[in-house]
Amino acid sequence: MIVRLASRHRLPLTVLAGLLGATPSAAAPIEASVDLSTRLGYDLNPFLSTGNDLASPYVESSIAPKLTKRTEKGEISVEGHFTRTAYLETYGKSDQYGAEANLQQRVTPKLAVFAALRYDSEVIGQGDDEVTGSPIDETDVNLIGLRQRADTYAASGGWQYHLTPKDMISADGGYTATRYRNGLGSDSNNIGGRVGWQHAVNERTKIGISGSVYRIDYPDQAGLSTLIMEPRVTFSTKLSATWTFDASAGVSFSDLSVPAPLSDRTSKGFSGNASLCHKGTRDDFCFFGGRSVSASGLGGTVQRTQLGANYSRKLSERLGFAAGASYTRSEAQAAMFGTREYVSAHAGFEWRASRQIIFGTEGRYRDVFGGPSIRTDLGGEIYMTVALPGAR
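Let me sum up the structure you'll find in this document. (Residues numbered from 1 in each chain as written. Predicted model: local features only at pLDDT ≥ 70, side-chain atom pairs only at ≥ 80, totals over all residues. Heavy atoms only, no water.)

Regarding the nonpolar core
Right, on to step 1. Formed by L48, I124, V141, L143, I144, A150, Y180, Y342, V368 and I374, the largest nonpolar core amounts to 10 residues.
Right, on to step 2. Those residues in contact with Y180 that sit more than four places away from it in its chain are I124, D140, L143, Q148, R149, A150, G185, S186, D187 and G297.
Right, on to step 3. In this structure, Y214, L224, L256 and V258 belong to the second largest nonpolar core, which totals eight residues. (Core = buried A, V, L, I, M, F, W, Y, C linked by side-chain atoms within 4.5 Å. Buried < 20%, exposed > 50% of the residue type's maximum accessible area, 1.4 Å probe, protein only. Contact = heavy atoms within 4.5 Å.)

Below is the structure:
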């Protein structure tokens, strides 16, 4: 799809819109846009639930407004989204909504700062919810199939400073709170930060080191927490005019505290990520993978291994093709629950009727392995997207 309306971890748009008026260079124009989308589809198992008679046709409508103010030194943007899916059998309606504010500003020729606020509310595992994407998403594989609604609140910020024309240091930090409404998930708080150094070997290649520390607590489970430390080396290079490779690799040290005698444990393992991407005149391709430690909605932390690939090709001036596939493996660090795997694939065509209007069709496959037996989901849809640009 050209338009992905369900972005992650967003903050209410009405609260954030006032930020635009508080930024410098008030005379700079505000760019406004609204994306509208309508979809008609059918899913054999839209929530990847257990049981029988799970299939349903659906009608989905979405709206995603965005405001952006750009200056010579940076930009600030606020955007929101609301998606309503009406299932014609069994499920009724389901809403996904949220908003986000982003600020990027160059304070001096050497110093740049950035910050973000996000809020998102969604039902985990619904419809075309992608566990893996580029960049990798952190949807909780262990809660897929429970129709669990998750509300995520996040704040982050950081800076980059150029010591020399070839050397840059950076630091960033953030806080993320995840809350579950139906009582089936374990709420979590994640706070931490990262520092790094990067050196340009030449015009194509950069190397560096980084270190991150973060702590995950569970408010509803007193005494349960995880402290995670991850030192890494980083590498990026431009292989050619159209190919790039980025990677980081290191070790993850986890200190898990459990509210039971003699149950605390420490563990270590490989952590890292990599991407190999091609951007051509007619086709784009990206392969990505990663391994990290993250919180689980079932309580405790998991080691996540993720692989995926996306491909798109411009078949003509108006017609395009896109496809993607992903695999995620979630393995508990303590014996609270087992290992679960998720796979998905999608492919479709889009036809640009005009600059603002796109028609498309897409088919998809999703499945979950481990835990209760869940029926495979096969689905498809046709859709129309309208982009309404403007400025004021």
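Digging into the packing of aromatic side chains
Right, on to step 1. Counted under the stated rule, the structure contains 10 aromatic pairs.
Right, on to step 2. Centre to centre, the rings of F235 and F245 are 6.3 Å apart; their planes meet at 55 degrees, and the pair counts as tilted. Of the two residues, F235 is situated in strand β10 (residues 225–238) and F245 in strand β11 (residues 243–257); the sequence distance between them amounts to 10 residues.
Right, on to step 3. Relative to F285, the ring of W243 has its centre 6.3 Å away and its plane inclined at 55 degrees; by these criteria the two rings are tilted. Highlighted residues: W243 in strand β11 and F285 in strand β13 (residues 283–295), separated in sequence by 42 residues.
Right, on to step 4. With a relative accessible area of 30%, W243 lands in the partly exposed category.
Right, on to step 5. Taking the ring centre of F47 as reference, the NZ or CZ of R147 above it sits at 4.3 Å. (Phe/Tyr/Trp six-rings, centres within 6.5 Å; stacked < 30°, edge-to-face > 60°. Helix = DSSP H or I, 4+ residues; strand = E, 2+ residues; numbered from the N terminus. Lys NZ or Arg CZ within 6 Å of the ring centre and 35° of its normal.)

Quick look at the environment of V141
Right, on to step 1. Here V141 shows up in the loop between β5 (111–123) and β6 (149–162).
Right, on to step 2. Taking relative accessible area as the criterion, V141 reaches 0% and is therefore assigned buried.
Right, on to step 3. Through-space distance from the C-alpha of V141 to that of S330 is 6.8 Å; in sequence the pair is 189 residues apart.

Section: unusual backbone geometry
Right, on to step 1. Its identity as a non-glycine residue notwithstanding, D53 has a phi of 50 degrees, on the positive side.
Right, on to step 2. Inspection of the secondary structure puts D53 in the loop between β1 (30–43) and β2 (56–70).
Right, on to step 3. Of the residues examined, D53 reaches a relative accessible area of 69% and is grouped as exposed.
Right, on to step 4. A positive phi is found at T90, a non-glycine position, where the angle reads about 75 degrees.
Right, on to step 5. Its place among the elements puts T90 in the loop between β3 (74–87) and β4 (93–106).

Concerning the pairing of strand β17 (residues 357–369)
Right, on to step 1. Alignment of strand β16 (residues 339–352) against β17, held across 12 bridges, turns out to be antiparallel. Within β17, the position partnered with E341 by the bridge is F369.
Right, on to step 2. Where β16 folds back onto β17 in an antiparallel hairpin, the turn is made up of four residues. (Pairing = 2+ DSSP bridges.)

Focus: the environment of R364
Right, on to step 1. With respect to the helices and strands, R364 occurs in strand β17.
Right, on to step 2. Taking the C-alpha atoms as reference points, R364 and G379, 15 residues apart in sequence, are found 5.4 Å from one another.
Right, on to step 3. A polar contact is formed between the side chain of R364 and the side chain of D43, at a distance of 2.9 Å.
Right, on to step 4. For R364, the side chain forms a polar contact with the side chain of Y58, separated by 2.8 Å. (Polar contact = N/O pair within 3.5 Å; in protein donor to acceptor, adjacent residues only side chain to side chain.)

Points about the pattern of salt bridges
Right, on to step 1. For the coordinates displayed, the defined rule picks out 20 salt bridges.
Right, on to step 2. Between R364 and E362 there is a salt bridge; the shortest N-O distance is 4.0 Å. The pair formed by R364 and E362 is uniform in burial state, with each residue classed as buried.
Right, on to step 3. Connected via shared salt-bridge partners are R39, D43, E60, E362, R364 and E381. (Salt bridge = Lys/Arg side-chain N within 4 Å of Asp/Glu carboxyl O.)

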